[in-house]
Amino acid sequence: MKQNRYTIDALARGMLVLSLFSAERPALSLGEITVAAGLNKSTAFRILSTLEELGYLEVDPATRRYRPGLGVLQLGFAALASMEVRQVARSHLERLAEQFEETASLAVLDRDGQDIIYIDRVRNRAIVGVMLGVGSRVAAHATSLGKALLADRSDSELSSWLATLPATTLTEYTLTRDALLADIGLIRSRGFALSDQELAIGLRGAAAPIRDSSGHAVAALSISGPASTLSLERLEQEIGPAVAAIAQRISRALGDKVAR
């Protein structure tokens, strides 16, 4: 690694470790990283621990192998393009956006469940009052995407999460804790989530979870747009079921075998 007097060694080593991950090598062990980066084991472990704590790496507790975390999405790393769910979902996003002439989005929950992070978007018109792009974060509880993912959590996990929910609201329509809990029950029963101006006045949407081979919701798919073209009736009767059907198709491609 070429260095000059302005180089910060620790930062350079951290970036080197992150650069080791690719579509061909999505997960690496401590030993593999130590050899590939040319570091001693204790230095490599300290770097990995720091990156994990900051959310840039995640470690599988069973295999002890590391993989890029959600934090790298905001930095625009190549890990974004290598995410399997994004690759599988892309063509479906494009078709949904064209079919409904609205914006189709794909998002994941951050580590603590407070925000969603957009990992892909196909825009057919400007979102009302909100400028969003890949890597953008917004409050999970105020979006159909976030609620679709939160509904996959267990009751005990939801209870703990709700205790951390800020009391402040984003709009007059943002759901309170009790209303949000009731809404999550409805989401579980019908298979998709709706949002009605909870994030921004004039913005509505419908979303459904995408599941992997373990059956866990790893992302969510949505259609969103202005309230003037997306009535609640249309969202519930037409768009929500369509989004749920596409999300199930993507889930099957990722290995989910449970009929829902």
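A brief report on the enclosed structure follows. What you see is a predicted model, and the numbers here were worked out from it, not measured in a lab.

1. A short note on the packing of helix α1 (residues 9-19) against helix α3 (residues 41-53)
It is the contact of α1 with α3, at a shortest axis distance of 10 Å, that shows an interaxial angle of 80°. Judged by the inter-axis angle, α1 sits roughly perpendicular to α3. Note on element contacts: α3 touches α1 through Thr 43, Ile 47, Leu 48 and Leu 51, opposite Arg 13, Gly 14, Val 17 and Leu 18. For the contact of α1 with α3, the residue count by class is five nonpolar, two polar and one charged.

2. A word on unusual backbone geometry
With phi around 60°, Arg 64 is a residue other than glycine that occupies positive phi space. Here Arg 64 lies in the loop between β1 (57-59) and β2 (66-68). Look at Gln 197: it is not a glycine, yet its phi comes out positive at around 60°. With respect to the helices and strands, the residue Gln 197 is situated in the loop between β6 (193-196) and β7 (203-211). Given the relative accessible area of 10%, Gln 197 is considered buried.

3. So, the pattern of salt bridges
Across all of its chains, the model carries 13 salt bridges by this definition. A salt bridge links Arg 86 to Asp 120; the shortest N-O distance between them is 3.7 Å. Taken as a pair, Arg 86 in helix α5 (residues 84-100) and Asp 120 in strand β4 (residues 115-122) lie far apart in primary sequence, 34 residues in all. Judged by its relative accessible area of 2%, Asp 120 is buried. With its nearest N and O atoms 3.6 Å apart, the salt bridge here joins Arg 137 to Asp 115. Taken as a pair, Arg 137 in strand β5 (residues 137-139) and Asp 115 in strand β4 lie far apart in primary sequence, 22 residues in all. Salt bridges sharing common partners tie together Arg 86, Arg 90, Glu 94 and Asp 120.

4. Considerations on the packing of aromatic side chains
How two aromatic rings sit relative to each other is set out by the distance from centre to centre and by the angle between their planes. Under the definition given, this model contains zero aromatic pairs. The ring centre of Tyr 118 lies 5.1 Å from the NZ or CZ of Arg 121, which sits over that ring.

5. Here we look at α3
Here α3 spans 18 Å end to end across 13 residues, near enough to the 18 Å set by a 1.5 Å rise per residue. Within α3, the full set of buried residues consists of Thr 43, Ala 44, Ile 47, Leu 48 and Leu 51. Seen end-on, α3 carries its buried residues on one side only, within an arc spanning 130°. Every exposed residue of α3 that faces more than 90 degrees away from the buried side is listed here: Lys 41, Arg 46 and Glu 53. The inward-facing, buried residues of α3 contact α1, α2 (30-37), β1 and β2.

6. Structural notes on the sheet that holds β5
Read across the sheet, six strands follow the order β5-β4-β3-β8-β7-β6 without closing on themselves; strand pairing throughout is antiparallel. The open sheet terminates on both sides in strands that have one partner only, identified here as β5 and β6. Strand-to-strand, the axes of this sheet are offset by a mean angle of 35°, without reference to chain direction. Inspection of the sheet shows strand β3 (residues 103-109) paired to strand β8 (residues 217-226) by five bridges, in the antiparallel sense. Its bridge partner being in β8, Ala 104 is matched across the sheet by Ile 223. α5 contacts β3, β4, β7 and β8 of the sheet and is inclined by roughly 65° relative to β4.

7. Quick word on a nonpolar patch on the surface
Taken together, Ile 8, Leu 11 and Met 15 make up a surface patch of nonpolar side chains, about 300 Å² in accessible area. Relative to the elements of secondary structure, Leu 11 occurs in helix α1. Relative accessible area serves as the criterion here: at 53%, Leu 11 is assigned to the exposed category.

8. Structural notes on the packing of helix α7 (residues 155-163) against helix α8 (residues 177-190)
Where α7 contacts α8, the axes come no closer than 11 Å and their chain directions differ by 150°. By the angle between their directions, the pair α7 and α8 is classed as roughly antiparallel. The handedness of the crossing between α7 and α8 is right-handed. Touching Asp 155, Leu 158, Trp 161, Leu 162 and Ala 163 of α7 are Arg 177, Leu 180, Leu 181, Ile 184 and Arg 188, all from α8. Its residues placed into classes, the contact of α7 with α8 shows seven nonpolar, no polar and three charged.

About the thresholds
Residues numbered from 1 in each chain as written. Predicted model: local features only at pLDDT ≥ 70, side-chain atom pairs only at ≥ 80, totals over all residues. Heavy atoms only, no water. Axes fitted to C-alpha atoms, helices over the stretch in contact; angles between N-to-C directions. Helix = DSSP H or I, 4+ residues; strand = E, 2+ residues; numbered from the N terminus. Parallel < 35°, antiparallel > 145°, perpendicular 65-115°, else oblique. Contact = heavy atoms within 4.5 Å. Nonpolar A, V, L, I, M, F, W, Y, C, P; charged D, E, K, R; others polar. Buried < 20%, exposed > 50% of the residue type's maximum accessible area, 1.4 Å probe, protein only. Salt bridge = Lys/Arg side-chain N within 4 Å of Asp/Glu carboxyl O. Phe/Tyr/Trp six-rings, centres within 6.5 Å; stacked < 30°, edge-to-face > 60°. Lys NZ or Arg CZ within 6 Å of the ring centre and 35° of its normal. Expected span 1.5 Å × (residues − 1). Arc of directions from axis to C-beta. Pairing = 2+ DSSP bridges. Patch = residues over 30% accessible without salt bridge, like charges linked within 9 Å, V, L, I, M, F, W, Y side chains within 5 Å. Areas by Shrake-Rupley, 256 points an atom, 1.4 Å probe, with all protein chains shown as cover. Left-handed = near helix turned anticlockwise from the far one by under 90°.

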